[in-house]
Amino acid sequence: MPTTFRIDGSEIHDIASFYDVMNALLMRDEDWDLGPSLDALDDVLYGGIGALRDLDEVRFVWTEHERSRAALGVAATRTWLQQKLDRGAPFDTAHITTQLDDLDTGRGTTYFELILEVFAGHPGLRLDLA
């Protein structure tokens, strides 16, 4: 039987609050927090850290995911990408500009969708959208 973690979508209002929720779920026994980074999320989902340490079967249930989808949608994604663009190096500004253009035309990937891609990269984890 898998260990189940509930991602409470009602607590997610922006990218920072998503990581607050994930830290509360996964990092409570660590002396450091997961930073607001898709790469960091990916690393933690490999296991061996925090609440995922020593677990073989893991299931996440994301409640009120549509609310999270809206909160982590085009506007939040645009802000996130624009902040990276404004910082410049080490970010690939040409790629970020393309991503922003894609958002404008409705072809872009939102932060919510990027999170789903990170989870999908871990076939040993199950993510249910509720």
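Everything here concerns the structure above.
Values in this document were obtained by computation on a predicted structure and should not be read as measured data.

Draft legend 1. Representation of the sheet that holds strand β2 (residues 58-63) in the model. Spatially, the three strands line up as an open sheet ordered β1-β2-β3, and their pairing is parallel. Of all strands in the sheet, those with a lone pairing partner are β1 (3-8) and β3 (125-129), marking the two edges. Strand-to-strand twist of the sheet, defined as the mean angle between neighbouring strand axes without regard to direction, takes the value 20°. In this sheet, β2 lies alongside β1 in parallel orientation, the contact comprising six bridges. Paired with aspartate 8 across the bridge in β2 is threonine 63.

Draft legend 2. Representation of the packing of helix α2 (residues 38-45) against helix α6 (residues 111-120) within the structure. Where α2 contacts α6, the axes come no closer than 9 Å and their chain directions differ by 25°. With respect to their mutual orientation, α2 and α6 come out roughly parallel. The way α2 lies across α6 gives a crossing that is right-handed. Side by side, α2 and α6 meet where Leu38, Leu41, Asp42 and Leu45 of the first sit next to Tyr111, Leu114, Ile115, Val118 and Phe119 of the second.

Draft legend 3. Seen up close, the side chain of histidine 122. Along the chain, histidine 122 turns up in the loop between α6 and β3. According to the relative accessible area criterion, histidine 122 is buried, its value standing at 5%. What histidine 122 contacts, discounting residues up to four positions off in sequence, is Asp42, Leu45 and Tyr46.

Draft legend 4. Expanded view of the packing of aromatic side chains. Enumeration over the complete set of coordinates arrives at seven aromatic pairs. Plain terms: the ring middles of phenylalanine 60 and phenylalanine 119 are 5.1 Å apart, the flat faces sit at 80° to each other, and that makes the pair edge-to-face. A residue pair is termed long-range when its members are at least 10 positions apart, and phenylalanine 60 in strand β2 and phenylalanine 119 in helix α6 qualify at 59 residues. Both residues of the pair, phenylalanine 60 and phenylalanine 119, count as buried. Here the aromatic rings of tryptophan 80 and tyrosine 111 are separated by 4.8 Å at their centres, their planes lie at 85°, and the arrangement is edge-to-face.

What counts, and at which threshold
Residues numbered from 1 in each chain as written. Predicted model: local features only at pLDDT ≥ 70, side-chain atom pairs only at ≥ 80, totals over all residues. Heavy atoms only, no water. Pairing = 2+ DSSP bridges. Helix = DSSP H or I, 4+ residues; strand = E, 2+ residues; numbered from the N terminus. Axes fitted to C-alpha atoms, helices over the stretch in contact; angles between N-to-C directions. Parallel < 35°, antiparallel > 145°, perpendicular 65-115°, else oblique. Left-handed = near helix turned anticlockwise from the far one by under 90°. Contact = heavy atoms within 4.5 Å. Buried < 20%, exposed > 50% of the residue type's maximum accessible area, 1.4 Å probe, protein only. Phe/Tyr/Trp six-rings, centres within 6.5 Å; stacked < 30°, edge-to-face > 60°.

Structural measurements only, silent on function.
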